[in-house]
Amino acid sequence: MYKLMAKLLFSFLILTSFSQAYAQVTYSITGAVKHLEDGVLPAATIFLNGTERKTYSGENGEFKLDGISPGSYQRRFMYSILQ
């Protein structure tokens, strides 16, 4: 009886460890924000719809969002021109 309980507990701990490791899988989304006529758009704000995640494009318009859970998302961006 003791050996059976020990095996069940060991199996449970192993399965729990795998499920926690699987749940921590994240991805990155990378891209660039560009204007058709003027080229890159630095300092644009990129949002991931349905989340509170956002980042900003660099001097060359490129951006990267890290730590994204698996799923389907839409991106949007905002760019202001101050005169």
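Residues numbered from 1 in each chain as written. Predicted model: local features only at pLDDT ≥ 70, side-chain atom pairs only at ≥ 80, totals over all residues. Heavy atoms only, no water.

Colleague: Honestly, unusual backbone geometry in this entry has me stumped. Any pointers?
Modeller: Note on backbone geometry: most residues besides glycine have negative phi, and most peptide bonds are trans. The backbone of A43 shows a phi angle near 65°, a positive value even though the residue is not glycine. With respect to the element layout, A43 can be found in the loop between β3 (39-40) and β4 (45-48). (Helix = DSSP H or I, 4+ residues; strand = E, 2+ residues; numbered from the N terminus.)

Colleague: What is the right way to read the pattern of salt bridges from this model?
Modeller: Side-chain pairing between opposite charges can occur once the charged atoms of the two side chains come close. A complete count under the given rule lists one salt bridge for this structure. The shortest N-O distance in the salt bridge between D66 and K64 comes to 3.7 Å. You can call D66 partly exposed: its relative accessible area is 40%. For K64, a relative accessible area of 48% gives the class partly exposed. (Salt bridge = Lys/Arg side-chain N within 4 Å of Asp/Glu carboxyl O. Buried < 20%, exposed > 50% of the residue type's maximum accessible area, 1.4 Å probe, protein only.)

Colleague: Whenever I open this one, the sheet that holds strand β5 (residues 54-56) confuses me. Can you help?
Modeller: With respect to topology, three strands assemble into an open sheet ordered β5-β4-β7, the strand pairing being antiparallel. Both edges of this open sheet fall to β5 and β7 (75-78), since each of them pairs with a single strand only. Neighbour to neighbour, the strand axes of the sheet diverge by 25° on average, direction disregarded. Inspection of the sheet shows β4 paired to β7 by four bridges, in the antiparallel sense. Its bridge partner being in β7, F47 is matched across the sheet by R76. (Pairing = 2+ DSSP bridges. Axes fitted to C-alpha atoms, helices over the stretch in contact; angles between N-to-C directions.)

Colleague: When you look at the nonpolar core in this model, what are you seeing that I'm missing?
Modeller: The tendency in soluble globular proteins is for nonpolar side chains to be buried as a group. Grouped together as the largest cluster of nonpolar side chains are nine residues: I29, V33, L41, A44, I46, L48, F63, L65 and I68. The set of elements that each furnish at least two residues to this core consists of β4 and β6 (62-68). Broken down by element, this core gets its largest block of residues, three residues, from β6. Once residues within four sequence positions are removed from consideration, F63 is found in contact with I29, T30, G31, A32, V33, I46, T55, Y56, S57 and R75. (Core = buried A, V, L, I, M, F, W, Y, C linked by side-chain atoms within 4.5 Å. Contact = heavy atoms within 4.5 Å.)

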